[in-house]
Amino acid sequence: MLDNKGFDLWADGYDKVVGISDEENTYPFAGYKDVLGSIFQAVMEKQKATVLDIGFGTGTLTMKLYERGCSIYGQDFSSRMIELASEKMPGAHFYQGDFAKGLAEPLRNQCYDFIVATYSLHHLTDEQKVFFLQTLCGCLKEGGKILIGDVAFGTRDKLEQCRQEAGDEWDDEEIYFVADELKSTFPNLEFKQVSYCAGVLTLTR
């Protein structure tokens, strides 16, 4: 869990709606700060890591990694987001593209220490997730890691329990990770439950 210093790390880019959900411990963003903090700390274990951020959005995590000397690559659907992120991180390498269709070609030609995705891959179907993760594994350096922070569950039963508790708030258009089901394809997958509706999945090459 993050201490006060860790909380301050995310304060500048903390979206109001996300913040309320996290602070009130409600679906879908309960555990948001701790998810990002866990991924940040994992990346910081390697100095000047080369990091690919999939769907970097408002850049909350990306900026912190950039400020601490990481070489940043990223792909996002929004050209406006890329424009804004490029102004904040002039040394980064950002590309537009729908990751449901895979990585942008320039990103496929790089190898990364870490590939991170926070609250972005739940837009993919389960089949798309498997295919995309297999692609990403091929872009990792030896010993590199894929770190996914999202609404995620260890088992299908836990997901269904959360669905029942969320009631009308549940988003049927989003498809969440179930770690046990992914392990049939990725037996070395590790999963850490951070809150009742969020967790971090780690794949190591």
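Please refer to the structure placed before this passage.
Once a new chain begins, its residue numbering starts again from 1 and follows that chain's sequence as written. This being a predicted model, a pLDDT of at least 70 is required before a residue's local features are given, and a value of 80 or more before pairs of side-chain atoms are given or counted; all residues contribute to the totals for chains, interfaces and linings. By convention in this description, side-chain values take in all heavy atoms of the structure and omit both hydrogens and water.

### Notes on the overall build of the protein chain
Helix and strand content of the protein chain: nine helices and eight strands. C-alpha atoms define the radius of gyration, and 2.2 Å times the number of residues to the power 0.38 defines the globule rule. Against the compact-globule benchmark of 17 Å for 205 residues, the protein chain has a radius of gyration of 16 Å, which places it among compact chains. Counting contacts in the protein chain only where the partners sit at least 6 residues apart, residues at least 24 apart contribute 65% of the total. Residues scored as positive are Lys and Arg, those scored as negative are Asp and Glu, and His as well as the terminal groups of each chain are ignored. We put the charge of a Lys on NZ, of an Arg on CZ, of an Asp on CG and of a Glu on CD. Separation between the mean location of the 20 positive side-chain charges and that of the 33 negative ones in the protein chain comes to 7 Å. Here a helix means four or more residues in a row that DSSP labels H or I, a strand means two or more in a row labelled E, and each is numbered from the N terminus. Contacts between residues were defined by any pair of non-hydrogen atoms, one from each residue, lying within 4.5 Å.

### Quick word on the side chain of Ser 120
Examined against the element boundaries, Ser 120 turns out to sit in the loop between strand E4 (112-118) and helix H7 (126-137). Taking relative accessible area as the criterion, Ser 120 reaches 5% and is therefore assigned buried. Those residues in contact with Ser 120, other than ones at most four positions away along the chain, are Ile 54, Gly 55, Phe 99 and Asp 150. Buried, partly exposed and exposed residues are distinguished by accessible area as a fraction of the type maximum, computed with a 1.4 Å probe on protein chains only: under 20%, between the cut-offs, and over 50%, respectively.

### Here we look at unusual backbone geometry
At the junction of Tyr 27 and Pro 28, the peptide bond is cis and its omega measures out at 5° in the coordinates. With respect to the element layout, Pro 28 can be found in the loop between helix H2 (16-23) and helix H3 (32-43). Unusually for a residue other than glycine, Tyr 119 sits at a positive phi of about 50°. Along the chain, Tyr 119 falls in the loop between E4 and H7.

### Observations concerning the environment of Tyr 32
Counting through the fold element by element, Tyr 32 comes out in helix H3. Residue Tyr 32 is classed as buried on the basis of its relative accessible area of 12%. Between the C-alpha atoms of Tyr 32 and Gly 149, which are 117 residues apart in sequence, the distance is 8.5 Å.

### Overview of the packing of aromatic side chains
Between rings of Phe, Tyr and Trp, where Trp is taken as its six-membered ring, a pair exists when centres lie within 6.5 Å; planes separated by under 30 degrees are stacked, by over 60 edge-to-face, and by other angles tilted. Under the definition given, this model contains nine aromatic pairs. Here Tyr 27 and Trp 170 contribute two aromatic rings whose centre-to-centre distance is 5.0 Å and whose plane-to-plane angle is 15°, an arrangement assigned as stacked. One end of the pair, Tyr 27, is in the loop between H2 and H3; the other, Trp 170, is in the loop between helix H8 (156-166) and strand E6 (177-178), and 143 residues separate them in sequence. Judged by relative accessible area, which is 10%, Tyr 27 ranks as buried. Residue classification places Trp 170 among the buried residues on the basis of a relative accessible area of 9%. Aromatic ring contacts, followed pair by pair, group Tyr 27, Trp 170 and Tyr 176 into a single cluster.

### A few points about H8
Every α-helix winds through 3.6 residues per turn, so residues three or four apart in the chain are directed the same way. Those residues of H8 that sit buried are Leu 159, Cys 162 and Ala 166. All buried residues of H8 lie within an arc of 65° about the axis, which places them on one face of the element. Within H8, the exposed residues directed more than 90 degrees away from the buried face are Asp 157, Gln 164 and Glu 165. On its buried side, H8 packs onto strand E5 (140-153) and E6. Looking one or two residues past H8, Gly 167 carries a phi angle of roughly 60°, positive in sign. The arc under discussion is defined with respect to the helix axis, by the directions toward the C-beta atoms.

### With respect to the nonpolar core
In this structure, Val 43 and Val 51 are the most contacted members of the largest nonpolar core, which totals 40 residues. Elements represented by at least two residues in this core include exactly H3, helix H4 (60-67), helix H5 (79-88), E4, E5, H8 and strand E8 (198-204). Ranked by residue count, the leading element in this core is H3, at seven residues. Sequence-distant contacts of Val 43, defined by excluding residues within four places in its chain, comprise Ala 49, Val 51, Leu 65, Cys 70, Phe 114, Val 116 and Leu 147. For the purposes of this section, nonpolar cores are sets of buried Ala, Val, Leu, Ile, Met, Phe, Trp, Tyr and Cys residues that join through side-chain atoms within 4.5 Å. In terms of nonpolar packing, the next biggest core, distinct from the first, is built from 27 residues, Ile 54, Tyr 73, Leu 121 and Leu 189 among them.

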